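One letter stands for each residue in the lines below.
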Amino acid sequence: MPKTPSNKLFNLIKSMSGSEKRYFKVFVGSHANKDSKYLRLFDAIEAQEEFDDEVLKNEVYQGKPVQSRKYSELKGYLYDLCLKSLQGYDEKTSVDYKLRHYLQSMQVLFRRSHFSDCQDLLSKARKLAYKYERFTVLIDMLGWEKQLAYAKSDIDYLDEALDRIETEEQHLQQQLSSISAYRNLFFRLLVSLRKDASLTGPEFRKRLADIVDTPLLQQPPESDAHQAQIYYYRTLSIYQLATGDLLAFKSSSEQLIELMESKPHFLNEDVSEYISALSNLIMGCGRVGDYEALEVYLEKLRQVKPLSQDDELKIHRQYYQNKFSLCIAKGDFKEGLSALQTHLRERSHFDNDLFETNTFYYYYFHISFGAEAYDDALSYLNDWLNLSTTVERQELQGTARILNLIVHFELGNYVLLDSLIRSTYRYLKKREQLHDVEREIISFIRKATGSPSKHELKVAYESLKGAFEQLPQTERAKSFFVRAFDMMAWLEGKLEGKSYGEMIRRKFKERSR
């Protein structure tokens, strides 16, 4: 839902976590009674599934006429109150808020000449700032150290401390410069990857090489700043992934996770990048076939404690995307169905629109198909096909249509297949997605629905299998369907009288050996 002037309050309250909402009630408790209109509005928004301004207004004023201006003022007041409450909540948990509080308190004490108390706060603040690498704040604190000595006319202290303060300031500036250099390199590479996504081959590699051809990436940073080291491994790993060096990518990702976990207090402050790094490592394990490590890191992702609703959503999405991929790769569709049911229960806590994507519908379909729950597979496939083309890549829509033919074939819906074959053919041809792979499958489905004998059907399976085996790699590469569905496992299962799941499990064991 877009954030418009009329629903920004709704979006703000809906984004608050349970603990933040409880804090709000405590925050306003001493200033409001249960019949306060802004509390009534807060509760009404919290209970509402979809934004409806008229319903909210009626809840607050209980059907009594009211001027629009008054209602707008009430919403504005509640919006500001929510922001103040969230600021108070963050002050209890955020290092930056705590440091700001120290500095503000020092200013108050300094103006009243309580220099000793000011010095005590400065000492506490320095320890906290060093622990969390707030180097800019530390430079300000060195300024305070000089200012306090000057105010007390402590020339002896200044004479003794100035060299040490100057050296410390230079060191802090170096740390800031190192972090800035690595951060800029990371974002420069990230922008190039997104901006030049259509580039391939030598031109693509040269563009990336020009960015990473810097002493910064020749070895881990000499800087002792934790954040500089984090940016080094993040930059290195996304470059290795982009250039297809998957083993190096996995190794760098493991080093990044180890580095992040070495200072857990940073994760207690912000865990979002750790979630992303874990997700990348899980993906890397899958790419190189290290499924044992994948399961270990997958469980680690599951155990991450979210610090915000956004963290909670990221963990949920990344965990289940990787969990479903693992179940599909192993052919463990029974486990996949169990995970799917748990996922569907848990996702009810989030905005439903966040999950209506081609990625999740593909997983729902594939797991149901592998478990031979064809009716469910067809239902998820229909949801997939009904997605708006504005949010769906055309190649995925084409793949969904081919899979649709296969599911209807499994269900024995031969009457429907005649018209589905024609519409699928027209769709793919119009969008220039009718490659040799798709032509062979459509031709097979057409033959297989013509009431062939068992012998003729077996011949049709063997013919399609042979056609697939003879397809040049260049033709296979054109088809997104080949990457989305193991057609050979399905065909070999039909010829051997085994299920699709059995064939996937057998192939997985062979790969593992």
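Residues numbered from 1 in each chain as written. Predicted model: local features only at pLDDT ≥ 70, side-chain atom pairs only at ≥ 80, totals over all residues. Heavy atoms only, no water.

**Description of the overall build of the chain**
Okay, so step 1: For the chain, the count of helices and strands is 27 helices and 0 strands.
Okay, so step 2: Whereas a compact globule of 513 residues would reach a radius of gyration of roughly 24 Å, the chain reaches 30 Å, over 25% beyond that.
Okay, so step 3: For the chain, the spread of C-alpha atoms along the three principal axes comes to 105 × 70 × 35 Å.
Okay, so step 4: A total of 513 residues make up the chain; the buried ones form 44% of that total.
Okay, so step 5: Considering only contacts within the chain whose residues lie at least 6 apart along the sequence, 61% involve residues at least 24 apart.
Okay, so step 6: Summed over its atoms, the accessible surface of the chain is roughly 28100 Å², and 48% of this surface lies on carbon and sulfur atoms.
Okay, so step 7: A gap of 4 Å separates the mean positions of the 73 positive and 75 negative side-chain charges of the chain. (Helix = DSSP H or I, 4+ residues; strand = E, 2+ residues; numbered from the N terminus. Rg over C-alpha atoms; globule rule 2.2 N^0.38 Å. Buried < 20%, exposed > 50% of the residue type's maximum accessible area, 1.4 Å probe, protein only. Contact = heavy atoms within 4.5 Å. Areas by Shrake-Rupley, 256 points an atom, 1.4 Å probe, with all protein chains shown as cover. Lys, Arg positive; Asp, Glu negative; His and termini not counted. Charge placed at Lys NZ, Arg CZ, Asp CG, Glu CD.)

**Some details on the packing of aromatic side chains**
Okay, so step 1: Counting across every chain of the model gives 37 aromatic pairs.
Okay, so step 2: Here the aromatic rings of Phe10 and Phe51 are separated by 5.5 Å at their centres, their planes lie at 65 degrees, and the arrangement is edge-to-face. Residue Phe10 is found in helix H1 (residues 8-15), and its partner Phe51 is found in the loop between helix H3 (37-47) and helix H4 (53-61); the two are separated by 41 residues along the sequence.
Okay, so step 3: By relative accessible area, which is 5% here, Phe10 ends up buried.
Okay, so step 4: With relative accessibility at 23%, the residue Phe51 sits in the partly exposed group.
Okay, so step 5: Ring centres of Phe409 and Phe444 lie 5.9 Å apart, and the angle between their planes is 65 degrees; on these two criteria the pair is classed as edge-to-face. Here the residue Phe409 occupies a position in helix H20 (residues 394-411), and Phe444 occupies one in helix H22 (residues 436-448), the gap between them amounting to 35 residues. For the pair Phe409 and Phe444, a shared accessibility class is recorded, and that class is buried. (Phe/Tyr/Trp six-rings, centres within 6.5 Å; stacked < 30°, edge-to-face > 60°.)

**Quick word on the packing of helix H14 (residues 272-288) against helix H16 (residues 309-330)**
Okay, so step 1: Between H14 and H16, the shortest axis-to-axis distance is 10 Å and the interhelical angle comes to 5 degrees. In terms of orientation, H14 lies roughly parallel with respect to H16. Where H14 approaches H16, its residues Ser272, Ile275, Ser279, Ile282 and Met283 are matched on the opposing element by Asp311, Lys314, Ile315, Gln318 and Asn322.
Okay, so step 2: Residue composition of the contact of H14 with H16, grouped by class: 4 nonpolar, 4 polar and 2 charged. (Axes fitted to C-alpha atoms, helices over the stretch in contact; angles between N-to-C directions. Parallel < 35°, antiparallel > 145°, perpendicular 65-115°, else oblique. Nonpolar A, V, L, I, M, F, W, Y, C, P; charged D, E, K, R; others polar.)

**Describing the environment of Phe204**
Okay, so step 1: Take Phe204: it is sitting in helix H10 (residues 201-212).
Okay, so step 2: Assessed through its relative accessible area of 14%, Phe204 is described here as buried.
Okay, so step 3: In the structure, Phe204 is positioned 173 residues away from Ala377 in sequence and 39 Å away in space, judged by C-alpha atoms.

**Let's talk about the packing of helix H6 (residues 95-111) against helix H8 (residues 135-151)**
Helix-helix packing is described using two parameters, namely the angle between the two axes and the distance between the axes.
Okay, so step 1: Contact geometry of H6 with H8 gives a least axis separation of 12 Å together with a crossing angle of 15 degrees. One finds that H6 runs roughly parallel with respect to H8. Considering how the two elements wind past one another, H6 and H8 form a crossing that is left-handed. Residues Leu99, Leu103, Met106, Gln107 and Phe110 of H6 touch H8, and the partners they reach there are Val137, Met141, Trp144, Gln147, Leu148 and Ala151.
Okay, so step 2: Per-class residue counts for the contact of H6 with H8 are 9 nonpolar, 2 polar and no charged. (Left-handed = near helix turned anticlockwise from the far one by under 90°.)

In short, geometric facts, not functional conclusions.
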